[in-house]
Amino acid sequence: MSLVDFLLSNGREVLELALEHLFLVAVSTGIAILIGVPLGILLTRKPALSKPVLGFANIMQTVPSLALFGFLIPLNLYLFHVKIVGGIGARTAIVALVLYSLLPIIRNTFTGISGVDPAIREAGKGMGMTDRQLLFQVELPLALGVIIAGVRVATVICVGTATIAAAIDAGGLGRYIFRGLRANDNVLILAGAVPAALIALAADLLLGTVERVMRVGDGVKGKRILWGAVFALVLVGMIGVTNLFSGKGADRVAVGSKDFTEQVILGELLAQAIETKTALKVERRFDLGGTLAHDALVAGEIDIYVEYTGTALLAILKGQPSSDPQEVFKRVKADYASRFKLEWAEPLGFNNTFAILVRGEDAQKLGLKTVSDAAKISAQWRAGFGQDFMSRADGYPGFAKTYGLRFQETREMDLSLTYRALAEKQVDLIAGNSTDGLISRYRLFQLADDRHYFPPYDAVPVARRTALDKHPELRGVLKQLGGILSVDEMRKLNYAVDGEKRQAKDVVREFLARKEWTK
């Protein structure tokens, strides 16, 4: 499918994501203007503050966006009993985007006003103008073109950075980009990147026109364009502000997922099962990176998502590895109940363990069946691993030590890119997931973990106890989902999304129909 075909067939969703993106940019830029312009004016009156204020704004520009989002999520700050930052979603994203947008606005305001000819100020004072009159009638009009240039830069920065906001469920066109990276789908990546680029170009063109008009001195025309831009910002803000601060309804359940294909499918499975079996409305909050799904569950921002027993034991509880599935399940179930007041439901039926993968042709040519077989020739190979595998307690350090692996080169990259790197012979061995559809798509071979290094990773829904008590019918739904999926079935579902480029909601709907999942 070409990009044009995709945009035509998914026009409604593209428009919705574009409006979400515009909302994030409009609100963030507007708040940054309200903060940055007064700060820039203050610096012209208090020059001693310029170094610390501009220094702080500079630091904000250098902090990686995902790191800043991660720092803001646990803060939970309130203003007049309304949460303004903390947790996942648009509020936290807007705060981060405001911090990224401040530097060009503050600096250009300070530079523009400081650059006004001192003789003009003296002339104004000679005419008896107060400092307030000088500011609003002389300095700001003369500096307006420079200030708008700063707003122009801030807006373009904001449009680009807002794509990262999808990682914390803030919406926007970044959803397509992340989905495309996850599925190795260039069309999806372009479906997010091209509209975002067009938004940036349109905003830059509009503000550039305002800037040029201000510089040539056509005040009437400039004011009309400026007020038009302000009206557009207010309109977009009003469209989204209700959703931003509205609470979750009494009959609504929030289902979350992590940020890879299988998790989105499992999140959709939970959502559709709940919608089919109950009268509850479901809010989907998917694509949460790292441990954000767990953090959101503990914070009450989602009510349920699917976790893996081994991940819970090692990454969340920091426990000791175990190869006994029943023992691991009992430990995480008990510890989650006592520490987080979370309940583990019935396992869905499959174990998604780490899969050590090589190209099928290499496995056949070299007679490779186990990881120990590969270890004998690892010194001649290049390996590629995801960041998660490289940093986890059950990841690369212990794995390499257990098997005595010594690779010629070890590359660290996004998990979804490791499959493409292996298929294109940029690396020779990767650590994927045993149920990934990309294994079939690229004809890869999974080496047996003959030394049983990896713990079990049984997929199990985890829910807030308060949500289950509030909606007792959820327990019945989760019980019916027990054992619904095998490893082979999960791999087929993943392949339908990653390999056949189908929508997760359609794949899940057909799967539940085959299982005769009806009211």
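Residues numbered from 1 in each chain as written. Predicted model: local features only at pLDDT ≥ 70, side-chain atom pairs only at ≥ 80, totals over all residues. Heavy atoms only, no water.

> Would you mind showing me how to read the overall build of the protein chain here?
Within the protein chain, the secondary structure is distributed over 24 helices and 12 strands. C-alpha extents for the protein chain along the principal axes are approximately 90 × 55 × 45 Å. Within the protein chain, the fraction of its 519 residues that count as buried is 51%. Pairs at least 24 apart in sequence give 76% of the contacts found in the protein chain among residues at least 6 apart. When the accessible area of the protein chain is evaluated, it comes to approximately 24,200 Å², of which 59% is carbon and sulfur surface. Computed over 60 positive and 52 negative side-chain charges, the inter-centroid distance for the protein chain is 4 Å. (Helix = DSSP H or I, 4+ residues; strand = E, 2+ residues; numbered from the N terminus. Buried < 20%, exposed > 50% of the residue type's maximum accessible area, 1.4 Å probe, protein only. Contact = heavy atoms within 4.5 Å. Areas by Shrake-Rupley, 256 points an atom, 1.4 Å probe, with all protein chains shown as cover. Lys, Arg positive; Asp, Glu negative; His and termini not counted. Charge placed at Lys NZ, Arg CZ, Asp CG, Glu CD.)

> What am I meant to see in the nonpolar core here?
It is characteristic of soluble globular proteins that their nonpolar side chains tend to be buried jointly. Counting 76 residues, the largest nonpolar core has Leu24, Tyr336 and Trp344 as the members making the most contacts within it. No other element matches helix α5 (residues 90–114), which puts 13 residues into this core. Each of domain 1 (3–245) and domain 2 (252–351 + 457–514) contributes no fewer than three residues to this core. Setting aside residues up to four positions removed in sequence, Leu24 forms contacts with Ala90, Ala93, Ile94, Leu97, Ala162, Ala165, Ala170 and Gly171. (Core = buried A, V, L, I, M, F, W, Y, C linked by side-chain atoms within 4.5 Å. Domains from an automatic or database assignment.)

> Looking at this structure, I do not really get the environment of Ile164. What am I missing?
In this fold, Ile164 is placed in the loop between α7 (131–161) and α8 (174–183). Given a relative accessible area of 23%, Ile164 falls into the partly exposed group. Through-space distance from the C-alpha of Ile164 to that of His294 is 20 Å; in sequence the pair is 130 residues apart.

> Explain the pairing of strand β8 (residues 382–386) to me, please; I cannot follow it from the model alone.
Burial analysis of β8 places 4 of its 5 residues in the buried class, the great majority of the element. Two elements, β8 and strand β9 (residues 409–413), share 5 bridges in a ladder whose sense is parallel. Residue pairing for β9: Phe385 is matched across the bridge by Glu412. Note that β8 and strand β10 (residues 429–433) share 2 bridges and pair parallel. Within β10, the position partnered with Gly384 by the bridge is Ile430. (Pairing = 2+ DSSP bridges.)

> What is the right way to read the domain arrangement of the protein chain from this model?
Often the size quoted for an interface is simply the accessible area lost on bringing the parts together. Taken domain by domain, the protein chain consists of domain 1 (3–245), domain 2 (252–351 + 457–514) and domain 3 (354–447). Distance between the C-alpha centres of domain 1 and domain 2: 37 Å. The interface of domain 1 with domain 2 comprises 17 residues on the first partner and 16 residues on the second. Inspection of the domain 1/domain 2 interface yields 3 salt bridges. In this structure, the salt-bridge partner of Asp169 is Arg285, at a minimum N-O distance of 2.5 Å. Taken together, the residues that form the side of domain 1 that touches domain 2 break down as 6 nonpolar, 5 polar and 6 charged. (Salt bridge = Lys/Arg side-chain N within 4 Å of Asp/Glu carboxyl O. Nonpolar A, V, L, I, M, F, W, Y, C, P; charged D, E, K, R; others polar.)

> Any chance you could explain the packing of aromatic side chains here in plain terms?
The way to describe two aromatic rings as a pair is by their centre distance and the angle between their planes. In total, this model carries 17 aromatic pairs according to the counting rule given. Taken together through their ring pairs, the aromatic side chains of Phe354, Phe385, Phe389, Tyr396, Phe399, Tyr403, Phe407, Tyr453, Phe454 and Tyr457 make up a single cluster. (Phe/Tyr/Trp six-rings, centres within 6.5 Å; stacked < 30°, edge-to-face > 60°.)

> Explain the environment of Pro456 to me, please; I cannot follow it from the model alone.
Considering the arrangement of structural elements, one finds Pro456 in the loop between β11 (444–447) and β12 (459–464). Sequence spacing of Pro456 and Asn76 is 380 residues, and the spatial spacing of their C-alpha atoms is 34 Å. Among all residues touching Pro456, those that are not within four sequence positions of it are Thr309, Gly310, Ser322, Ser323, Asp324, Pro325, Val328 and Asn351.

> Hey, could you run me through the pattern of salt bridges in this one?
Close approach of charged atoms allows side chains of opposite charge to pair. Taken as a whole and judged by the stated rule, the model has 29 salt bridges. Where Glu13 meets Arg179, a salt bridge forms, and the shortest distance between an N and an O atom there is 3.3 Å. Residue Glu13 is located in helix α2 (residues 11–45), and its partner Arg179 is located in helix α8; the two are separated by 166 residues in the primary sequence. In this structure Glu13 comes out as partly exposed when scored by relative accessible area, which is 24%. Taking the shortest distance from any N to any O, the salt bridge between Asp488 and Lys492 comes out at 3.3 Å. Remark: Lys492 and Asp488 occur in helix α23 (residues 487–498); sequence separation between them is 4 residues, near one turn of the helix. You can call Lys492 exposed: its relative accessible area is 53%.

> Explain α23 here, please?
In an α-helix there are 3.6 residues to a turn, and that puts residues three or four apart on one side. Taking 1.5 Å of rise per residue, the 12 residues of α23 would be expected to cover 16 Å, and the 16 Å separating its terminal C-alpha atoms lies within 8% of that figure. Within α23 the residues assigned to the buried category are Met490, Leu493, Asn494, Ala496, Val497 and Asp498. (Expected span 1.5 Å × (residues − 1).)

> Help me understand the packing of helix α11 (residues 261–277) against helix α24 (residues 504–514) in this model?
Two quantities define a packed helix pair, namely the angle between the helix axes and the distance between the axes. Put simply, α11 and α24 touch, their axes get as near as 9 Å, and they point 55 degrees apart. On the basis of the axis angle, α11 is oblique to α24. Regarding α11 and α24, the two cross each other, and that crossing is right-handed. Each of Val264, Ile265, Glu268, Leu269, Gln272 and Ala273 in α11 lies in contact with α24, whose residues at this interface are Ala504, Lys505, Val508, Arg509, Phe511 and Leu512. (Axes fitted to C-alpha atoms, helices over the stretch in contact; angles between N-to-C directions. Parallel < 35°, antiparallel > 145°, perpendicular 65-115°, else oblique. Left-handed = near helix turned anticlockwise from the far one by under 90°.)

> What should I look at first to understand the sheet that holds strand β7 (residues 354–359) in this one?
One key point about sheets: their strands pair by backbone hydrogen bonds, in either a parallel or an antiparallel sense. Pairing in this open sheet of 5 strands is mixed, and the strands run β9-β8-β10-β7-β11 from one edge to the other. Single-partner strands in this sheet number two, and they are β9 and β11. Each adjacent strand pair in this sheet contributes to an overall mean axis angle of 35 degrees, direction not counted.

> Mind showing me how you'd approach unusual backbone geometry here?
Glycine aside, negative phi is the norm for most residues, and most peptide bonds take the trans geometry. Even without glycine at this site, Lys318 takes up a positive phi of about 55 degrees. Here Lys318 shows up in the loop between α13 (309–316) and α14 (325–340).

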